[in-house]
Amino acid sequence: MEDKEENEDINVAKDAFDGIGKKDAAERLLEKAEPARDKRKKSDHDDEPARNKRKKSGHEDEPDSPGQSSISYSAENRSIIVAPHLQGHSIDNVLINVNVGNERDERKKSDHDNKPALEEPDSNKRKISRINSSHLTKDTVMDFCQMLSTHPCRVSLGLDIKMTKEGLTLSCFTCVEMVGEEGLSIDGDLPEDFILNICTLIIPKYICPSISVCNSHLTSNFIEKLCGVLKMSTIDRQSPRLLFHGDLPEDFIWNVCTLIIPKYYCERLTVCKSHLTSNFIEKLCGVLKMSTTDLRFLVLTDTHLTDSCAESLSSGLDAFSSLQYLDLSKNSFTDSSVPSLINIILKCTSLMDFKMEFSHITEDAVMNFCQMLSTNPSPKPLCLNIQMSKEGLRLSCYTDNRWIKEKGLLFHGDLPEDFIWNVCTLIIPKYKCKKISVCNSHLTSNFMEKLCGVLKMSTSDLQSLELTDAHLTDSCVESLASGLDAFSPLESLDLSKNSFTDSSVPSFIHIMLMCSNLRSFKLTDAHLTDRCVESLSSGLDALISSLKYLDLSNNSFTDSSVPSFIHIMLKCANLTDFKLKGNQFSPDGKKKLNVKEELQRCGCLLTVYDCSHIFSDWSRNQQEYKRQLTLWI
């Protein structure tokens, strides 16, 4: 009976391998398993008590020693395991797990009904065939790859070879449908010739969507040979991505491009941290013009591109008619490159997103660039970052959501008020600016009035306004409060590090009453005292349902303001962060602010931080509380 069952397992294993074109490999493995099976039969006959002991312990199917092999069928995952446990010097030690679906069950049903057995399984019905093994030698891996190359199947292949401290490991699977793990991956300090030999065996015979080589020492000779393999390969030409990262020679990058671009439909080209010249740009445009490739993604970041490179790129625009994404950040563009880059943006009609950065640029060049953006607006969010540093004026412009964390207008540095205003008038009416930030500048009440007027006339739903260290006075806040019709969607307001007095509090209260969606309010280092706290507390009652973050740090509050701050913590039901650092509280006043018990009765868990010391630790039963509030004092 055992003979019959085991022979049936062997037959099913053969059928399973036949379905993916590896019948010969299966037969070789099973032939080597036969002597071990006979030996096990003899051992079982001579040692019946030992076998009964294994039955009782539930390990009857395990091999008796590392030198034996096992062939078993798992009904739970419907797979066959052919696992000869040998040394890592031949293909025989590979653990093979072939998923055969319901074929064995259907075969048994067919035998029971006295009907002809099912035909050999179709590979298109199979989902995945997997192979995993460890402690291998390079010769073993090469034998396995030779077998794959000799018996190819037109499915996606995932082959992962890794050199670890324990030795060489191999993982392989074939799949009819893409599952996101396909490709050739080689990791570890492996010889270049060994890697190349594997590539020449696998790439021409399998659909290999990706190739990854990590932690190895490769030369330009390897890259050229690899390109030759790809060029001569008969695999389906998909859309490979050319990615060059690091200080690679320009000639080397160019040689690879000339081998790949004319032969493959290459949609993406990325070069990072290299030195490129205008000559390379001109030759690249020429190759793209002569090929059938429609380049859609071009990334040339940190490649020391100059104004002459921008001019060469602009003159070869016929090669970029299908360009959709362009990233030219971290280069050495100046004023002279602005016309060329503007021409690229205007002429590439398919361009959806771009990222550009300019250094040592003048205010006139920035205005020309903004004028171009205003004349040709995009429906996508825009991030325009203008910074004045010690080295000069810098401009960064992004339109891709993947690159933008804060969408809007960002000004940083001692920039003239008129310059900031002119940029705002060009950009705000044409783009959906979610954020306006002005830091370290000198703004007046006149600027605030004009800004409110522009926002009222635009379609922008401003969500964040930051006017920090901008020398704002009480009159500026009054002008801001009078134009609050433009700020009704506002969710975050930061007026820190300005020259306010307690007289500004009525304007703050008006802002809080009008901006009912305000979630974050920062008034740090705003020269506020105890005289305004009671009024400020009453104004915050209007935000009890929305306010989550309140920062009043580095002002002149003392213990007399503690009752008002306790009122704020109790009334603002959604407040999660309350910062009062840098004020003039006494140790007794800080203890009074620790109203843990009062907040617990309201279903709130309070944690108080005093610098690095924690007065009240987080409770282990946090789920018992509806709200968690953190107080910094």
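Residues numbered from 1 in each chain as written. Predicted model: local features only at pLDDT ≥ 70, side-chain atom pairs only at ≥ 80, totals over all residues. Heavy atoms only, no water.

Q: Help me understand the pattern of salt bridges, please; the structure alone is not making it clear to me.
A: Side chains that differ in charge, positive against negative, can pair when their charged atoms come close. Inspection of every chain in the model, using the stated rule, returns four salt bridges. With a closest N to O distance of 3.2 Å, K435 and E466 form a salt bridge. Remark: E466 occurs in strand β18 (residues 464-468) and K435 occurs in strand β17 (residues 435-439); sequence separation between them is 31 residues. Across the pair D502 and R531 runs a salt bridge, and its minimum N-O distance is 3.3 Å. One end of the pair, D502, is in the loop between β19 (492-494) and α16 (505-514); the other, R531, is in the loop between β20 (520-522) and α17 (533-540), and 29 residues separate them in sequence. You can call R531 exposed: its relative accessible area is 72%. (Salt bridge = Lys/Arg side-chain N within 4 Å of Asp/Glu carboxyl O. Helix = DSSP H or I, 4+ residues; strand = E, 2+ residues; numbered from the N terminus. Buried < 20%, exposed > 50% of the residue type's maximum accessible area, 1.4 Å probe, protein only.)

Q: Could you clarify how one ought to interpret the packing of aromatic side chains in this entry?
A: Aromatic ring pairs: the centre-centre distance and the angle between the two ring planes describe each pair. Overall, the coordinates contain ten aromatic pairs when judged by the stated rule. Ring centres of Y609 and W632 lie 5.8 Å apart, and the angle between their planes is 15 degrees; on these two criteria the pair is classed as stacked. Note that Y609 is positioned in strand β23 (residues 604-610) and W632 in strand β25 (residues 627-632), a separation of 23 residues in sequence. Among the aromatic side chains, those forming a connected cluster through ring pairs are F557, F565, F578 and F585. In this arrangement the basic side chain of K355 is found over the ring face of Y398, its NZ or CZ atom lying 5.0 Å from the centre. Just above the ring of W632 sits the side chain of K579; from NZ or CZ to the centre is 5.0 Å. (Phe/Tyr/Trp six-rings, centres within 6.5 Å; stacked < 30°, edge-to-face > 60°. Lys NZ or Arg CZ within 6 Å of the ring centre and 35° of its normal.)

Q: Would you mind going over the side chain of T524 with me for this structure?
A: Note that T524 resides in the loop between β20 and α17. For T524, a relative accessible area of 12% corresponds to the buried category. Polar contacts involving the side chain of T524 include one to the side chain of S496, which spans 2.8 Å. With residues near it in sequence (within four places) discarded, T524 still touches S496, K497, D551, S553 and N555. (Polar contact = N/O pair within 3.5 Å; in protein donor to acceptor, adjacent residues only side chain to side chain. Contact = heavy atoms within 4.5 Å.)

Q: Would you mind showing me how to read the packing of helix α9 (residues 278-290) against helix α10 (residues 307-315) here?
A: In a pair of packed helices, the angle between the axes and the distance between the axes together describe the arrangement. Two numbers describe how α9 lies on α10: the axes approach to 8 Å, and their chain directions differ by 10 degrees. Here α10 runs roughly parallel to α9, going by the angle between their axes. Facing α9, whose interface residues are S278, I281, E282 and C285, α10 presents S308, C309, S312 and L313. Classifying every residue of the contact of α9 with α10 by side-chain character gives four nonpolar, three polar and one charged. (Axes fitted to C-alpha atoms, helices over the stretch in contact; angles between N-to-C directions. Parallel < 35°, antiparallel > 145°, perpendicular 65-115°, else oblique. Nonpolar A, V, L, I, M, F, W, Y, C, P; charged D, E, K, R; others polar.)

Q: What should I look at first to understand the environment of P429 in this one?
A: Summarising the element assignment, P429 is placed in the loop between α13 (417-427) and β17. For the pair formed by P429 and S374, sequence separation is 55 residues and the distance between their alpha carbons is 8.4 Å. Once residues within four sequence positions are removed from consideration, P429 is found in contact with C424, V454 and S458.

Q: What should I look at first to understand the side chain of S312 in this one?
A: As for its placement among the helices and strands, S312 is situated in helix α10. There is a polar contact of 3.4 Å between the side chain of S312 and the side chain of E282. Sequence-distant contacts of S312, defined by excluding residues within four places in its chain, comprise S278, I281, E282 and C285.

Q: Would you mind showing me how to read the environment of Y265 here?
A: Residue position: Y265 is located in the loop between α8 (250-260) and β10 (268-272). For Y265 and D294, which are 29 residues apart along the polypeptide, the C-alpha to C-alpha distance reads 7.3 Å.

Q: I would appreciate a short explanation of the pairing of strand β11 (residues 297-301) in the present structure.
A: Two faces, one strand: in a regular strand the side chains alternate between the faces of the sheet. Buried residues dominate β11, accounting for five of its five residues. Residues F297, V299 and T301 line one face of β11 and the alternating positions L298 and L300 line the opposite face, and both faces are buried. Relative to strand β12 (residues 325-328), β11 runs parallel, the two sharing three bridges. The residue of β12 that forms the bridge with V299 is D327. Handedness of the β-α-β unit built from β11, α10 and β12 comes out right-handed. (Pairing = 2+ DSSP bridges. Right-handed = clockwise from strand over helix to strand, strands pointing away.)

Q: So what exactly am I meant to see when it comes to the pairing of strand β8 (residues 211-214) here?
A: Two strands pair when backbone bridges link them, and strand β7 (residues 183-187) and β8 are joined in this way by four bridges, in the parallel orientation. Bridging from a neighbouring strand, D187 pairs with C214 of β8. Note that the unit made of β7, helix α6 (residues 192-202) and β8 has a crossover that is right-handed.

Q: For this particular structure, what's the right way to read the confidence of the model for the protein chain?
A: Low pLDDT means the predicted atomic positions in that stretch should not be read closely. The predicted model of the protein chain averages 75 in pLDDT, with 72% of residues at 70 or higher. Segment residues 616-620: pLDDT under 50, and 13 contacts once partners within four positions in sequence are set aside and those in other chains are kept. (pLDDT = per-residue confidence, 0-100.)

Q: Can you help me understand α10 in this one?
A: Every α-helix winds through 3.6 residues per turn, so residues three or four apart in the chain are directed the same way. Residues C309, A310, S312, L313 and S314 constitute the buried set of α10. Looking at the buried side of α10, the elements it contacts are α9, β11, β12 and α11 (338-347).

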